[in-house]
Amino acid sequence: MATTDRQARTLALAHALSAAERGLAVIPLSRTKLPALRSPHRDDPDAPLCHGECGRFGHGVYDASTDPARIRELFAAAPWATGYGIACGLPPHHLIGVDLDTKSGTDSSAALRELALRHLFTIPPTVVVLTPSGGRHLWLTGPADTAVPNSAGRLAPGIDIRGAGGYLVGPGSRTAHGVYTTAPGTAHLAPAPCPPSLLRLLLPPPRAEHPARPSAPASAPASEHGQGLVQFVLAAHEGQRNTRLFWAACRAYENGIGPALLTPLIDAAVDTGLTEREARATIASAARLTGHRP
């Protein structure tokens, strides 16, 4: 067993150094897939928020580096590490990870295909990492000036997004459940650019100032949040109408106001140029993907 652990540690470091050569910043991970080094501030409840400014290791993804010497120091400080994490959102790749999970009982691959059909995008050939549980991680790149947030199930059930401040378990890592491997035929590929239509779905809606509107009665079905979603749809330009409506409908159903916002969202979508039939179909798709009845 000791020999196996020693081999896993050696391989993890080798894979991490190889990833760093490709411009991917890495950190050591334990068998639990968590950062192997614990926070140096864990016993100080009054410690200020620190992202590594203290100069010590143990700040999770903020320790990530492409410098071979620093990576060796990180792994030397965590000799129990059997895997490595790849930080997302950092230059030069600005990596975005699309995590297609299998443990939630949903068909995340089918959900992604439905999104692709609905929003007219395709996932280009890119790096695909196979997880021990049967899931897949798709590696994509984003624009340098755009920070994609992390999310779990927001895009669709079973689809998690790893963006700025998150990390992906690197191929070659050994965890308590098995080894992460690169899917055949993808190891030589570079992470592909995220399709613009998909990128729009991953980003939060822009904050916009709107003229003051008359206050609605307390019994009105659309809350202040609901009014914001309606305004988000109304601000759509050609080419954004379906995407904005779908995003707003997903948020409405996730917040429990989907049925109440059905008519306002349809009216807003029609005002932007969609037909009522198109608007209803888009909202129904959002309802299904968030686990609700249309």
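Residues numbered from 1 in each chain as written. Predicted model: local features only at pLDDT ≥ 70, side-chain atom pairs only at ≥ 80, totals over all residues. Heavy atoms only, no water.

Participant: Got a minute to help me understand the sheet that holds strand β1 (residues 26-29) in this structure?
Facilitator: One key point about sheets: their strands pair by backbone hydrogen bonds, in either a parallel or an antiparallel sense. Taken in spatial order, the three strands of this open sheet run β1-β2-β8, and their pairing is antiparallel. If you trace the sheet from one side to the other, it starts and ends with β1 and β8 (167-169), each paired once. On average, adjacent strands in this sheet sit at an angle of 35° to one another, irrespective of strand direction. Where strand β2 (residues 83-87) and β8 come together, three bridges link them in antiparallel fashion. By the bridge assignment, A87 is partnered in β8 with Y167. (Pairing = 2+ DSSP bridges. Helix = DSSP H or I, 4+ residues; strand = E, 2+ residues; numbered from the N terminus. Axes fitted to C-alpha atoms, helices over the stretch in contact; angles between N-to-C directions.)

Participant: Would you take a moment to explain unusual backbone geometry for this structure?
Facilitator: The step from P91 to P92 runs through a cis peptide bond, and the omega angle for that step is 5°. Tracing the backbone through its elements, the reader meets P92 in the loop between β2 and β3 (95-100). Positive phi is not limited to glycine here, since H94 has a value of about 50°. Its location among the elements puts H94 in the loop between β2 and β3. Owing to a relative accessible area of 14%, H94 belongs among the buried residues under this scheme. Backbone geometry places L120, a non-glycine residue, at a positive phi of 60°. When you line up the elements, L120 lands in the loop between α3 (108-119) and β4 (128-130). The class for L120 is exposed, based on a relative accessible area of 75%. (Buried < 20%, exposed > 50% of the residue type's maximum accessible area, 1.4 Å probe, protein only.)

Participant: Explanation requested: the pattern of salt bridges in the structure shown.
Facilitator: Pairing between side chains becomes possible if they bear opposite charge and their charged atoms approach one another. Considering all chains together, one arrives at three salt bridges under this definition. Of the charged contacts in the structure, one is a salt bridge between R280 and E276, with a shortest N-O distance of 3.0 Å. Placement of the pair is R280 and E276 together in helix α8 (residues 276-289), with a separation of four residues, close to one helical turn. On the accessibility criterion, R280 (42% relative accessible area) is partly exposed. Each of D99, D160 and R162 takes part in one network of salt bridges that share partners. (Salt bridge = Lys/Arg side-chain N within 4 Å of Asp/Glu carboxyl O.)

Participant: So what exactly am I meant to see when it comes to the packing of aromatic side chains here?
Facilitator: Two aromatic rings are characterised by how far apart their centres lie and by the angle between their planes. Under the defined criterion, the tally for this structure stands at one aromatic pair. A cation sits over an aromatic face here: R251 above W247, 4.7 Å from the ring centre. (Phe/Tyr/Trp six-rings, centres within 6.5 Å; stacked < 30°, edge-to-face > 60°. Lys NZ or Arg CZ within 6 Å of the ring centre and 35° of its normal.)

Participant: Sorry if this is basic, but what is going on with the layout of surface pockets here?
Facilitator: Regions of empty space are outlined by a rolling probe, equal in size to a water molecule, passed over the atoms. A volume near 360 Å³ is recorded for the second largest pocket. Around the second largest pocket, the lining comprises 18 residues; the ones closest to its centre are K33, D99, K103, H137 and Y180. Contributions of two or more residues to the lining of the second largest pocket are made by β3, β7 (159-162) and β8. A total of three residues in the lining of the second largest pocket trace back to one element, the largest contributor, which is β8. Classifying every residue of the lining of the second largest pocket gives six nonpolar, six polar and six charged. (1 Å grid on protein atoms, 1.4 Å probe; cavity = no way out; pocket = protein on both sides within 12 Å on 5 of 7 lines; lining within 4 Å. Points joined across faces, edges and corners; volume = space filled by probe spheres on them. Nonpolar A, V, L, I, M, F, W, Y, C, P; charged D, E, K, R; others polar.)

By themselves, these figures tell us nothing about what the structure is for.
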